[in-house]
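Working through the structure, step by step
What follows is each chain in one-letter form.
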Amino acid sequence: MKKLVLTIAFFLLLITGCNKNKTQGLVTSTQPTIDDIVSADNQDAPIVVMPIPTEEVTLSMGTIPSQKEMYDAMIKTFTPSSKVDLDLSVMTSSMIYSMVFEMLLMPESYEEKNLKVKGNFVVYISEETGDRHFAIIIPDATQCCQQGLEFVWFGEDKKYPEDFPKIGQEITLTGKYKCMYTDEGFLITFIEATDIKA
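Residues numbered from 1 in each chain as written. Predicted model: local features only at pLDDT ≥ 70, side-chain atom pairs only at ≥ 80, totals over all residues. Heavy atoms only, no water.

**Topic: helix 4 (residues 93-105)**
- Between the first and last C-alpha of helix 4 there are 18 Å, a value that for 13 residues agrees with the 18 Å anticipated at 1.5 Å per step.
- The complete set of buried residues in helix 4 reads I96, Y97, M99, V100, M103 and L104. Down the axis of helix 4, the buried set is contained in an arc of 165°. They therefore lie on one face. (Helix = DSSP H or I, 4+ residues; strand = E, 2+ residues; numbered from the N terminus. Expected span 1.5 Å × (residues − 1). Buried < 20%, exposed > 50% of the residue type's maximum accessible area, 1.4 Å probe, protein only. Arc of directions from axis to C-beta.)

**A closer look at the nonpolar core**
- Counting 26 residues, the largest nonpolar core has L88, F121, L149, F151, Y177 and I191 as the members making the most contacts within it.
- Elements supplying a minimum of two residues to this core: helix 4, strand 3 (114-126), strand 4 (132-139), strand 5 (146-153), strand 6 (170-181) and strand 7 (187-197).
- Counting 14 residues, the second-largest nonpolar core is a separate cluster that includes I64, Y124, I137 and I188. (Core = buried A, V, L, I, M, F, W, Y, C linked by side-chain atoms within 4.5 Å.)

**Looking at the confidence of the model for the protein**
- Residue-level pLDDT values for the protein average 74, and 67% of them are 70 or greater.
- Taken as a whole, residues 1-42 scores under 50 in pLDDT and shows 82 contacts with residues more than four places along the chain or in a different chain. (pLDDT = per-residue confidence, 0-100. Contact = heavy atoms within 4.5 Å.)

**Considering a nonpolar patch on the surface**
- Together, F101, L105 and M106 make up a nonpolar patch on the protein surface, roughly 290 Å² of accessible area in all.
- Inspection of the secondary structure puts L105 in helix 4. (Patch = residues over 30% accessible without salt bridge, like charges linked within 9 Å, V, L, I, M, F, W, Y side chains within 5 Å. Areas by Shrake-Rupley, 256 points an atom, 1.4 Å probe, with all protein chains shown as cover. Salt bridge = Lys/Arg side-chain N within 4 Å of Asp/Glu carboxyl O.)

**Notes on the layout of surface pockets**
- Size it by volume and the largest pocket reaches roughly 320 Å³.
- When residues of the lining of the largest pocket are traced back to their parent elements, those giving at least two are helix 3 (67-75), strand 4 and strand 5.
- The element that contributes the greatest number of residues to the lining of the largest pocket is helix 3, accounting for 3 residues. (1 Å grid on protein atoms, 1.4 Å probe; cavity = no way out; pocket = protein on both sides within 12 Å on 5 of 7 lines; lining within 4 Å. Points joined across faces, edges and corners; volume = space filled by probe spheres on them.)

Right, dumping it as C-alpha cells:
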C-alpha cells in the first residue's frame, strides 16, 4: 500500500503558496508563470507580496486530527528538552523556507528533533469540523510564497485566544517535530510547542 503523506503544512502550501487563483477566500496572487517571464510581452508582470492572515481563516481540510487529538497523542510521550537541534530562527528567510519544505518532504528525518522557528502566528478553522488549528507561517525572501507548520502548544492551562499571540504577529516557537499516523494511514506532522515568544 502506498504511503501517503498528508500534512497540515500541505494545505498551508495550497492556500498560501504562489498561485494565480483565489483559494477559499484568501488573497489572489498575480505571481507570473515561467511562460509569463519568458514572454517578451509580459516582462513587466507584477510580483505580488502574499500578506500574512490577520484573522482566523476557514478552510476545507478534509479529515485531519483535531488539536485535542494531537495533544492527547503527544501528552503520552511528552519529554521536555531545552536543547535545540535545529535553530531555524537564525537562518535567512530563504534558508528557513527551504528547510521547512524539506521537513515536509522527508518528515521522518526530522521527527523528534527540537526546533526553534521564527514566523507569523495564524489560525485556521476546519470547514468540515469547526476545529481550530494553530500554525506558524514562514514566508520566503520575496514574500510571494509561504510554508507553514501546525503546532500544538503543550500545557492544559493554555487558553485561546487569551494566552496566544495576536493572529499575524511574528513569533519564535520552540518545540519538538512530531509525526502521527491517522486511522486511515495518513501521516500528519506538527510541532509540540513548549515555548512561544512574541
